[in-house]
Amino acid sequence: MDKNAQEKQFKGMIRFTPPLSKQRYQFIKDLVAKYRPKKVADLGCADCKLLWMLKFCSCIEVLVGLDISANTMKEKMHVLSPLPVDYLQPTERSLTVTLYHGSVAHKDPCMLGFDLVTCIELIEHLEESELKKFPEVVFGFMAPSIVVISTPNVEFNTLLPGVTLFRHPDHKFEWDRAQFQSWALETARHYDYSVEFTGVGHSPRGMENIGFCTQIGVFVRKYSPTGGFTQSEKSSETVYKTVFKAVYPSLKDEKYLQNTLVSEVVFTAQIIKQSLLNRLMSEQEEHNDNTTEEKAQLQPCFSKDMRKLDVEKSMESFVKGNVVYIPLKTVFSFPKVNQLCGTFEKLCKLITGKVKLTSDGCALMLSTEPED
């Protein structure tokens, strides 16, 4: 079968599973899992879908999106806001998400210091003048450790139904593999990067010679800058406008750490209290005839049978009157409490004034009555 006949056979039959856009995003997620960058910027972030996926990657602490269309970002930026569960269960890591309105042809110091920069289906939307400035901005000025650039492979277009010239009316050009690789290799050489080529969207069996539907270049910087970014920062003015910024609650913030710790301490103390009362009730029932009247007198028996312990030296909880005393050292011994505060001194500092303690501050005081 000749080439034209093969193209007609496959045209209209091309279906990517998962969809091509998801394959591109999954490629980035896999790269993040491999290199574990802390600071990631997505240039041409558009509807913020990639940013939304990346915010769940535990290694990322700074996430930035840049796009020339402020309206597109504003329509979707709400998906990047913290959810109620993020405040109820803050994580160890800090996370800040910021969206900027601006052009990739302009330099702005807010884009310095990134580990990974992604340009997914971006360069084909650039005017010729912008494309000429793009390498200097991204590789020369920003100089991240890794840059990922994806762009359509025009050789694949003959298999795509409805495509006559370019895949999108806003595309200014579409490169074949030789054109993209020539541009990428020259860019990598000039800015001292290495580059490897791959892609997503496999061609049908029998048409492997046309390559991937989306071609991808992964650029890795060959050196680590030693002088910092001071000079670049001085030489560039702020030109991007902030469209959105969200700071996620983190246990690195003492306010959120304190709230989480106090909740965990109270939860742990309630478990200890209930276990103690259940044990005392069981012991008491062994010494009476289980009559209704004797059960009604069970509460006062706690104070008759239990002696006050030295809670500074003991890890045991006890009941006196209508109060359950739970040594803080007992609470501190629970793994989650210990993990949150790290030291006993920090536990005491963070919960003082937030829960009811004995006068010497060594034990929690809880009522034997059920909590509302």
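You'll find the protein chain entered in an unreviewed UniProt entry as Small RNA 2'-O-methyltransferase, with Tricholaema leucomelas given as the organism. Regarding the protein chain, the relevant UniProt record gives this comment under Cofactor (unreviewed entry): "Mg(2+)". Word for word, the UniProt comment on the protein chain under Catalytic activity (unreviewed entry) is "small RNA 3'-end nucleotide + S-adenosyl-L-methionine = small RNA 3'-end 2'-O-methylnucleotide + S-adenosyl-L-homocysteine + H(+)".

Colleague: Please set out the sheet that holds strand β11 (residues 363–367) residue by residue, giving values where relevant.
Modeller: For sheets, the rule is that strands pair by backbone hydrogen bonds, running either parallel or antiparallel. As summarised here, the arrangement of the three strands in space is β9-β10-β11, forming an open sheet in which the pairing is antiparallel. Across the chains shown, the open sheet's two edge strands, defined by having one partner strand only, are β9 (318–320) and β11. Within the sheet, the average angular offset between the axes of one strand and its neighbour, ignoring direction, is 30°. Here strand β10 (residues 323–327) pairs with β11 via five bridges, running antiparallel. From the neighbouring strand, Val324 faces β11, where its bridge partner is Leu366.

Colleague: Provide a residue-level description of the packing of aromatic side chains, including the pertinent values.
Modeller: Counted according to the given criterion, the structure contains 15 aromatic pairs. Aromatic pair Phe139 and Tyr191: ring centres 6.2 Å apart, planes at 25°, arrangement stacked. Remark: Tyr191 occurs in helix α7 (residues 177–191) and Phe139 occurs in helix α6 (residues 128–142); sequence separation between them is 52 residues. Accessibility classification places Phe139 together with Tyr191 in one group, the buried group. Both rings, one in Phe318 and one in Tyr325, keep their centres 4.9 Å apart while their planes meet at 10°; by these two values the pair is stacked.

Colleague: Mind laying out the side chain of Ser103, listing which residues take part and the relevant values?
Modeller: Secondary-structure assignment places Ser103 in the loop between β3 (96–101) and β4 (116–120). Residue classification places Ser103 among the buried residues on the basis of a relative accessible area of 9%. Filtering out sequence-adjacent residues up to four positions away, Ser103 remains in contact with Leu66, Ile68, Glu130 and Tyr240.

Colleague: Help me get a handle on the state of the cysteines, residues and values and all.
Modeller: Overall, the coordinates contain zero disulfides when judged by the stated rule. The closest cysteine sulfur to the non-disulfide-bonded Cys57 is located on Cys59, 5.8 Å from its own sulfur.

Colleague: Which residues make up the pattern of salt bridges, and what values go with them?
Modeller: For the coordinates displayed, the defined rule picks out 10 salt bridges. For Lys336, the salt bridge identified is with Glu264, shortest N-O distance 3.8 Å. Pair noted here: Lys336 is in helix α13 (residues 335–341) and Glu264 is in helix α9 (residues 254–285), with a separation of 72 residues, a long-range link. With a relative accessible area of 14%, Glu264 lands in the buried category. Notably, a salt bridge pairs Arg279 with Glu283, separated by 3.2 Å at the nearest N-O pair. With Arg279 and Glu283 both in helix α9 and four residues apart, this pair spans about one turn of that helix.

Colleague: Tell me what's going on with helix α14 (residues 344–351), and back it up with residues and numbers.
Modeller: Of the residues making up α14, those classed as buried are Leu347, Cys348, Leu350 and Ile351. Along its buried surface, α14 packs onto α9, α12 (328–332) and α13. At the C-terminal side of α14, Gly353 shows a positive phi close to 90°.

Colleague: Now, about unusual backbone geometry: what can you tell me, with residues and values included?
Modeller: Cis geometry marks the peptide bond from Thr17 to Pro18, where omega comes out at -5°. Mapping Pro18 onto the fold places it in the loop between α1 (3–10) and α2 (20–35). Of note, the phi angle at Cys48 is positive, near 70°, even though the residue is not glycine. With respect to the element layout, Cys48 can be found in the loop between β1 (39–43) and α3 (49–54). Classification of Cys48 as buried rests on a relative accessible area of 0%. The backbone phi angle of Asp192 is positive, close to 65°, even though this residue is not glycine. Relative to the helices and strands, Asp192 is located in the loop between α7 and β6 (193–200).

Colleague: Got a sec to walk through the packing of α6 against α7? Specific residues and values, please.
Modeller: Between two packed helices, the angle of one axis relative to the other and the distance separating the axes together describe the packing. With their axes 10 Å apart at the nearest point, α6 and α7 run at an angle of 45° to one another. In this view, α6 runs oblique relative to α7, as classed from their interaxial angle. The element α6 and its partner α7 pack so that their crossing is right-handed. Here α6 contributes Leu131, Phe134, Pro135, Glu136, Phe139 and Gly140 to the contact with α7, which in turn contributes Trp183, Thr187 and Tyr191. When grouped by side-chain class, the residues that make up the contact of α6 with α7 number six nonpolar, two polar and one charged.

Rules used throughout
- Residues numbered from 1 in each chain as written.
- Predicted model: local features only at pLDDT ≥ 70, side-chain atom pairs only at ≥ 80, totals over all residues.
- Heavy atoms only, no water.
- UniProt positions renumbered as here; feature names shortened; annotations may be inferred.
- Pairing = 2+ DSSP bridges.
- Helix = DSSP H or I, 4+ residues; strand = E, 2+ residues; numbered from the N terminus.
- Axes fitted to C-alpha atoms, helices over the stretch in contact; angles between N-to-C directions.
- Phe/Tyr/Trp six-rings, centres within 6.5 Å; stacked < 30°, edge-to-face > 60°.
- Buried < 20%, exposed > 50% of the residue type's maximum accessible area, 1.4 Å probe, protein only.
- Contact = heavy atoms within 4.5 Å.
- Disulfide = S-S within 2.5 Å.
- Salt bridge = Lys/Arg side-chain N within 4 Å of Asp/Glu carboxyl O.
- Parallel < 35°, antiparallel > 145°, perpendicular 65-115°, else oblique.
- Left-handed = near helix turned anticlockwise from the far one by under 90°.
- Nonpolar A, V, L, I, M, F, W, Y, C, P; charged D, E, K, R; others polar.

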